[in-house]
Amino acid sequence: MEIGLTPLFIMAVIFSLLVMGLVKDPIWSIAGYLIVYTLYNPDVWWALRIGQFLPRPSLIAAVVVAAATFSHPHKLQWKISLREFELYLFLALCWFVSFVFGVGVHDEARQYLEKMTKVFIFVFFLLRVVNTLRNYRIVLATLIACGILLAWQSRFYGAMFDGRLDNFGGVDFNEANGFAAFLALCICHLGFRFLKMPWWAKGLAAIGLAILLNGLILTQSRSIFLGMVLAVPAVVYRTVGWSRIRIIVAVLLGTVLFFSLAHKQFWERMQTIQSQEDAGRVGRLAFWRASVLIFKDHPLGVGVKNFQHMIGIYDPQHAGRDAHNSYVLCYSELGVLGIGLFLVIITKAVFQTQRIIRLVKKWDTKGEDILFWAIPLEATFIIYLLGYMMTHSNLYTEMLWILLALPICFENAWKLYGKEEGRDSIGR
């Protein structure tokens, strides 16, 4: 049976990276896993071809990551910080609440609990391996490359629903807003790297940014658009001196590029933000009020994936409806302990990134490169926490927890670099 050049090429890249992880450096197996996670969608034609020859590629990639990690223990960061421990505590809480305080553990709940367990197993290996700035750059470069490839392919193979790009990319990106949030992450980081690239590379980066922006426009995501608008002032504020001038110029050029790519349908949808928010607020406030009643009756939570089963009891008009808010979903399903721990994890991740930015600013020009990795990470948090997560439920997506783990990776890498440069450590 013929497999085709595209799936054959993708399989070759993934296989090469996984093998390199085993024999050379586990960071390449991490990159291979991220490619599988971001690209593999069983509904896409080339993925169907791959599935005929390579069943369950994500599981195979995860096994190779584990094998590669334990094959190179001398290259790893084995210390478990309090921040990392809190991540695993959240996973334990998901299981504990669901089985002890929840209203029932059905098949879908079990599937999500198993998924969350796999997510945190990968996070464990990610935190072991990504302990240098080199490895951190490889992770971000992999995500950016996958984002560009997906955005490019979306022009030809993307499924359109109600005029919007939908069901494209990995399992966590099969909804327009999830895919848009991932593209926004790539845009933030590539945009900053653009400023540090030599002139010959800026042309390629500009093409990549145009492809990413076009993919973002095709999703027509209002929440991500608002999140990016909110992130721009924070980005400008975080930079200083000549860097701030370059950022402002880059933002202006990016805005011009965005306006030149955005079509009439996109702007028509953006113009409905206020009216849609007013209409949606009425409906959402109704079942968000119902979620408060769920919380009052079940302060310790109803268990993973039980919000949709319970909301109809308290608000029959919205029976079976998703929470459309990650924070509402968290306190409804995981109770006071879950939402408390979740907010602690988020707050510490943001403060951890801000602390790095604050201390790096005291360095000389060598600190600018690190600053240009930390600021886009903070911008991504704004887009996710104040945009995507306010209107959508992504509590159980792998990308969210990878994002929340990245500040730990970055701090470990920054500390190592600081020691090599004779700088002061961050401290706690």
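What counts, and at which threshold
Residues numbered from 1 in each chain as written. Predicted model: local features only at pLDDT ≥ 70, side-chain atom pairs only at ≥ 80, totals over all residues. Heavy atoms only, no water. Helix = DSSP H or I, 4+ residues; strand = E, 2+ residues; numbered from the N terminus. Expected span 1.5 Å × (residues − 1). Phe/Tyr/Trp six-rings, centres within 6.5 Å; stacked < 30°, edge-to-face > 60°. Buried < 20%, exposed > 50% of the residue type's maximum accessible area, 1.4 Å probe, protein only. Lys NZ or Arg CZ within 6 Å of the ring centre and 35° of its normal. Core = buried A, V, L, I, M, F, W, Y, C linked by side-chain atoms within 4.5 Å. Contact = heavy atoms within 4.5 Å. Axes fitted to C-alpha atoms, helices over the stretch in contact; angles between N-to-C directions. Parallel < 35°, antiparallel > 145°, perpendicular 65-115°, else oblique. Left-handed = near helix turned anticlockwise from the far one by under 90°. Nonpolar A, V, L, I, M, F, W, Y, C, P; charged D, E, K, R; others polar. Polar contact = N/O pair within 3.5 Å; in protein donor to acceptor, adjacent residues only side chain to side chain. pLDDT = per-residue confidence, 0-100. Patch = residues over 30% accessible without salt bridge, like charges linked within 9 Å, V, L, I, M, F, W, Y side chains within 5 Å. Areas by Shrake-Rupley, 256 points an atom, 1.4 Å probe, with all protein chains shown as cover. Salt bridge = Lys/Arg side-chain N within 4 Å of Asp/Glu carboxyl O. 1 Å grid on protein atoms, 1.4 Å probe; cavity = no way out; pocket = protein on both sides within 12 Å on 5 of 7 lines; lining within 4 Å. Points joined across faces, edges and corners; volume = space filled by probe spheres on them. Disulfide = S-S within 2.5 Å.

1. Considering helix H9 (residues 199-219)
Each turn of an α-helix holds 3.6 residues, which means side chains three or four residues apart point in the same direction. For H9, built from 21 residues, the straight-helix expectation of 30 Å at 1.5 Å per residue is met to within 8% by its first-to-last C-alpha distance of 31 Å. Positive backbone phi, approximately 50°, marks Gln220, located one or two places after H9.

2. Notes on the packing of aromatic side chains
Summed over the entire model, instances satisfying the criterion amount to 20 aromatic pairs. Geometrically, the ring pair formed by Phe295 and Tyr331 is edge-to-face, given 5.6 Å between the ring centres and 75° between the ring planes. Taken together, the residues span a long stretch of sequence, with Phe295 in helix H13 (residues 273-297) and Tyr331 in helix H15 (residues 326-360) at a distance of 36 residues. Using a relative accessible area of 25% as the deciding quantity, one classes Phe295 as partly exposed. Ring centres 5.9 Å apart and planes at 55° place the aromatic pair Phe342 and Trp401 in the tilted group. Of this pair, Phe342 sits in helix H15 while Trp401 sits in helix H17 (residues 398-421); the two residues are 59 residues apart in sequence, bridging distant segments of the chain. Of the two residues, Phe342 and Trp401, both sit in the buried class. Cluster of aromatic residues (ring-pair linked, three or more members): Phe70, Trp78, Tyr88, Phe124 and Phe125. Sitting over the ring of Phe124, Arg128 keeps its end group 4.7 Å from the ring centre.

3. Some details on the nonpolar core
Ranked by internal contacts, the top residues of the largest apolar core, which has 134 residues, are Phe90, Val139, Phe342 and Trp401. Of all the elements, H15 adds the most residues to this core, at 17 residues. Residues contacting Phe90, with those up to four places away along its chain left out, are Met116, Phe120, Cys330, Leu334, Gly338, Leu341, Phe342, Ile345, Leu395 and Trp401.

4. Concerning the packing of helix H2 (residues 26-39) against helix H4 (residues 57-71)
Their axes nearest at 9 Å, the elements H2 and H4 cross at an angle of 165°. Relative to H4, the element H2 lies roughly antiparallel. In the packing of H2 onto H4, the handedness of the crossing is left-handed. Residues Pro26, Ser29, Ile30, Tyr33 and Val36 of H2 lie in contact with H4, whose contacting residues are Pro57, Ser58, Ala61, Ala62, Val64, Val65, Ala68 and Thr69. Considered class by class, the residues forming the contact of H2 with H4 number 10 nonpolar, 3 polar and no charged.

5. Digging into the side chain of Ser221
Mapped onto the fold, Ser221 is located in the loop between H9 and helix H10 (222-238). Among the polar contacts listed, one links the side chain of Ser221 to the side chain of Asn177, at a separation of 2.6 Å. A polar atom in the side chain of Ser221 sits 3.3 Å from the backbone nitrogen of Ile224.

6. Examining unusual backbone geometry
At Gln220, a position not held by glycine, the phi torsion is positive, near 50°. With respect to the helices, strands and loops of the structure, Gln220 is situated in the loop between H9 and H10. Judged by its relative accessible area of 3%, Gln220 is buried. Even without a glycine there, the phi angle at Lys305 is positive, about 60°. Secondary-structure assignment places Lys305 in the loop between H13 and helix H14 (307-314).

7. Topic: the confidence of the model for the chain
Of the residues in the chain, 83% have a pLDDT of 70 or more, and the chain-wide mean is 83. Within the chain, the lowest mean pLDDT, 59, falls on strand E1 (residues 159-161), and the highest, 96, falls on helix H5 (residues 82-101). Every residue in residues 274-282 is under pLDDT 50, and counting partners more than four places away or in other chains gives 5 contacts.

8. Focus: a nonpolar patch on the surface
A surface patch of nonpolar side chains, amounting to about 680 Å² of accessible area, comprises Trp95, Phe96, Phe99, Val100, Phe101, Leu300, Val336 and Leu337. When contributions to the nonpolar patch are tallied by element, the ones reaching two or more residues are H5 and H15. Topologically, Leu337 is positioned in helix H15. Looking at Leu337, the relative accessible area reads 46%, which means it is partly exposed.

9. Brief notes about the pattern of salt bridges
If you walk through the whole model with that rule in mind, you get 5 salt bridges. Between Asp25 and Arg134 there is a salt bridge whose closest N-O contact spans 3.3 Å. With Asp25 in the loop between helix H1 (5-23) and H2 and Arg134 in helix H7 (residues 133-157), this pair connects stretches of sequence that are 109 residues apart.

10. Digging into empty space enclosed by the protein
Sizing a probe to match a water molecule and rolling it over the atoms shows the empty space that remains. Following the criterion strictly, the structure yields 3 cavities of 30 Å³ or more and no others. In terms of lining residues, the second largest cavity is bounded by Asp172, Phe173, Gly178, Tyr384, Tyr388, Asn394, Thr397 and Met399. The residue makeup of the lining of the second largest cavity, split by class, is 4 nonpolar, 3 polar and 1 charged.

11. Looking at the packing of H5 against H15
Running from N to C, H5 and H15 point in directions that differ by 170°, and their axes come no closer than 10 Å. Put simply, H5 runs roughly antiparallel to H15. On the side of H5, the interface is formed by Leu82, Arg83, Glu86, Leu87, Leu89, Phe90, Leu93, Cys94 and Val97, while H15 contributes Cys330, Glu333, Leu334, Leu337, Gly338, Leu341, Phe342, Val344, Ile345, Lys348, Ala349 and Gln352. Partitioning the contact of H5 with H15 into residue classes produces 15 nonpolar, 2 polar and 4 charged.

12. Considerations on the state of the cysteines
All chains considered together, the criterion is met by 0 disulfides. Distance from the sulfur of Cys94, which forms no disulfide, to the nearest cysteine sulfur (Cys330) is 7.7 Å. The thiol of Cys188 is unpaired, and the distance to the nearest cysteine sulfur, on Cys186, comes to 9.3 Å. Here Cys188 falls in the buried class, since its relative accessible area comes to 13%.

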